[in-house]
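If you want the building blocks of each chain, they are given just below.
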Amino acid sequence: MLLQVNHVSKTFNGMPVLRDISLEVDKGDVIAILGPSGSGKTTLLRCINFLERPDKGTMVFEGKSYDMPTISRTDVNAIRRKTAFVFQNYNLFLNKTVLQNVTLGLISGRRMNRVDAEKAAKAALERVGMANRTDAFPLQLSGGQQQRVAIARGLAASPDIIYFDEPTSALDPELIGEVLAVMRRLAEDGMTMLVVTHEMEFARNVSNHVVFMDGSQVIESAPTAEFFAHPKEERTRSFIHSILAKDGNA
C-alpha cells in the first residue's frame, strides 16, 4: 500500500469540515473523490498534503507511520518530495517562462543542477503536449495549456503520487477535454492519482475507485464499476442521478 490515512478530522472555527475520514491508495490507483461543494473534498486533499494540519488522524506513507497533527516539518518535506499537487488555479509564476516554471522547484527545492532540471522539465512538458511552448509566458497560454504546464511541473519531480484539486474547475468547457486527456494518459501509464473532481465521466471511465463525500464525511467508497452500477446509499444514488441528469446522461 502506498498511502493510508486513518480517522482524519478537521475543524475551522469550531465547525467540523472533516469527520473521521479514512482511505487507502495502492500504487497505480486512480481514486476519484466526488461530492457536492462544501463537502470537505479539497480540505481532505490539503490535509493529506499538509497544506492544512488536521486536528486528528494518522498517515502511513510508503510503510512509515506518522501522527498527522504533530508531524515534523522534516517529515512533511520528505513526503512532499515524493508527491505532487496540482491546484485548480494553476499557480504559475506569470513573470517566468513555461520552462522556468517547471524547473524552479527542481532547482531551488530539490537542489537539482540546471542541466538535469531542464532535461526533466522538457520530458515532462513533452508528456503533456507542451514541448513547443517552453519559452512562452503563462499569459500567452490558454487556461488548459496553463494547467498542462502545472501538471508537467508535478511530473518533472517523478512523484509517487499526484494530488489533483479540481483541475478543470477553472477552465472554460471547451478546454476541459485537453486536461482530462492528459490525465487519462497518465492513468494509462500507471501514475497513482488522487483526484478531487466534478467530472463524472472522468470518474466513471478513468478511475478505478470512487470516494463520495457529503456533510464532511465519507458516505460511500467503492470500486468504480460498483459505485456507479450499484450505489448502496440513498444519498449516493441521489447525487449520481442529479449530476448525470444535469449532464443529460440519466
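Scoring rules and cut-offs
Residues numbered from 1 in each chain as written. Predicted model: local features only at pLDDT ≥ 70, side-chain atom pairs only at ≥ 80, totals over all residues. Heavy atoms only, no water. Helix = DSSP H or I, 4+ residues; strand = E, 2+ residues; numbered from the N terminus. Rg over C-alpha atoms; globule rule 2.2 N^0.38 Å. Buried < 20%, exposed > 50% of the residue type's maximum accessible area, 1.4 Å probe, protein only. Contact = heavy atoms within 4.5 Å. Areas by Shrake-Rupley, 256 points an atom, 1.4 Å probe, with all protein chains shown as cover. Lys, Arg positive; Asp, Glu negative; His and termini not counted. Charge placed at Lys NZ, Arg CZ, Asp CG, Glu CD. 1 Å grid on protein atoms, 1.4 Å probe; cavity = no way out; pocket = protein on both sides within 12 Å on 5 of 7 lines; lining within 4 Å. Points joined across faces, edges and corners; volume = space filled by probe spheres on them. Nonpolar A, V, L, I, M, F, W, Y, C, P; charged D, E, K, R; others polar. Pairing = 2+ DSSP bridges. Axes fitted to C-alpha atoms, helices over the stretch in contact; angles between N-to-C directions. Core = buried A, V, L, I, M, F, W, Y, C linked by side-chain atoms within 4.5 Å. Salt bridge = Lys/Arg side-chain N within 4 Å of Asp/Glu carboxyl O.

*Asks:* What is the right way to read the overall build of the chain from this model?
*Replies:* Each helix and strand counted, the chain has 9 helices and 10 strands in total. For a compact globule of 250 residues, the expected C-alpha radius of gyration is about 18 Å, and the chain comes in at 18 Å, within 12% of that figure. Along the longest, intermediate and shortest principal axes, the C-alpha atoms of the chain span 55 × 45 × 35 Å. Put simply, the chain has 250 residues, and 50% of those count as buried. Contacts in the chain between residues at least 24 apart in sequence constitute 63% of all its contacts with a sequence separation of at least 6. Carbon and sulfur atoms provide 48% of the accessible area of the chain, an area that totals close to 11,600 Å². Averaging the locations of the 29 positively and 29 negatively charged side chains of the chain gives two centres separated by 7 Å.

*Asks:* Sorry, what's going on with the layout of surface pockets here?
*Replies:* Sizing a probe to match a water molecule and rolling it over the atoms shows the empty space that remains. In this structure, the largest pocket occupies an estimated 640 Å³ of space. If you go around the largest pocket, you meet 22 residues; those closest to its centre are R80, T83, F85, G105 and R110. Secondary-structure elements contributing two or more residues to the lining of the largest pocket are α2 (73-80), β6 (83-86), α3 (98-109) and α5 (143-155). Per element, the largest residue contribution to the lining of the largest pocket is 7 residues, and it comes from α3. Taken together, the residues of the lining of the largest pocket break down into 10 nonpolar, 8 polar and 4 charged. Put simply, the second largest pocket is a space of about 170 Å³. Considering the residues around the second largest pocket, the lining is formed by S22, L23, E24, V25, D26, D29, I31, N208, H209, V211 and S221. Residue assignment for the lining of the second largest pocket shows that the elements contributing at least two residues are β2 (15-25) and β9 (209-214). A per-element tally of the lining of the second largest pocket places β2 first, with 4 residues.

*Asks:* Where do I start with the sheet that holds strand β1 (residues 3-12) in this structure?
*Replies:* Strands belonging to one sheet form pairs held by backbone hydrogen bonds; the direction of such a pair is parallel or antiparallel. Taken in spatial order, the 4 strands make up an open sheet running β2-β1-β4-β5, and their pairing is antiparallel. What marks the edges here is a single partner per strand, and that holds for β2 and β5 (64-67). Direction aside, neighbouring strands of the sheet carry axes that sit 15 degrees apart on average. Here β1 pairs with strand β4 (residues 56-61) via 5 bridges, running antiparallel. Bridge assignment links L3 to a residue of β4, and that residue is F61.

*Asks:* Looking at this structure, I do not really get the environment of L34. What am I missing?
*Replies:* Mapped onto the secondary structure, L34 falls in strand β3 (residues 30-34). Taking relative accessible area as the criterion, L34 reaches 1% and is therefore assigned buried. Once residues within four sequence positions are removed from consideration, L34 is found in contact with K41, T197, M200, A203, V210, V211, F212, M213, F227, F228 and F239.

*Asks:* It is not clear to me how the side chain of S216 should be interpreted in this structure. Could you clarify?
*Replies:* Here S216 lies in the loop between β9 and β10 (217-223). A relative accessible area of 8% means that S216 is categorised as buried. S216 has contacts with P16, V17, L18, R19, I21 and S39, leaving out every residue within four places of it along the chain.

*Asks:* Can you help me understand unusual backbone geometry in this one?
*Replies:* Outside of glycine, negative phi angles account for most residues, and trans bonds account for most peptide bonds. Of note, the phi angle at F50 is positive, near 65 degrees, even though the residue is not glycine. Positionally, F50 belongs in the loop between α1 (41-48) and β4. Take F50: its relative accessible area is 6%, and that puts it in the buried class.

*Asks:* I would appreciate a short explanation of the nonpolar core in the present structure.
*Replies:* One broad rule of soluble globular proteins: the nonpolar side chains tend to lie buried together. The biggest cluster of nonpolar side chains holds 40 residues, and the ones touching the most others in it are I151 and F164. Of all the secondary structure elements, the ones that give two or more residues to this core are β6, α3, α4 (114-127), α5, β7 (161-165), α6 (173-188) and β8 (193-196). Per-element tally for this core: the top contributor is α6, with 8 residues. What I151 contacts, discounting residues up to four positions off in sequence, is V86, V128, F164, V179, V182, M183 and L186. In this structure, V8, M59, F61 and M213 belong to the second largest nonpolar core, which totals 29 residues.

*Asks:* Teacher, can you tell me more about the pattern of salt bridges here?
*Replies:* When the charged atoms of two side chains with opposite charge come close together, those side chains can pair. This model, assessed by the stated rule, comprises 9 salt bridges. The salt bridge partner of E178 is R148, with a shortest N-O separation of 3.0 Å. Of this pair, E178 sits in helix α6 while R148 is found in helix α5, placing the two residues 30 residues apart along the sequence.

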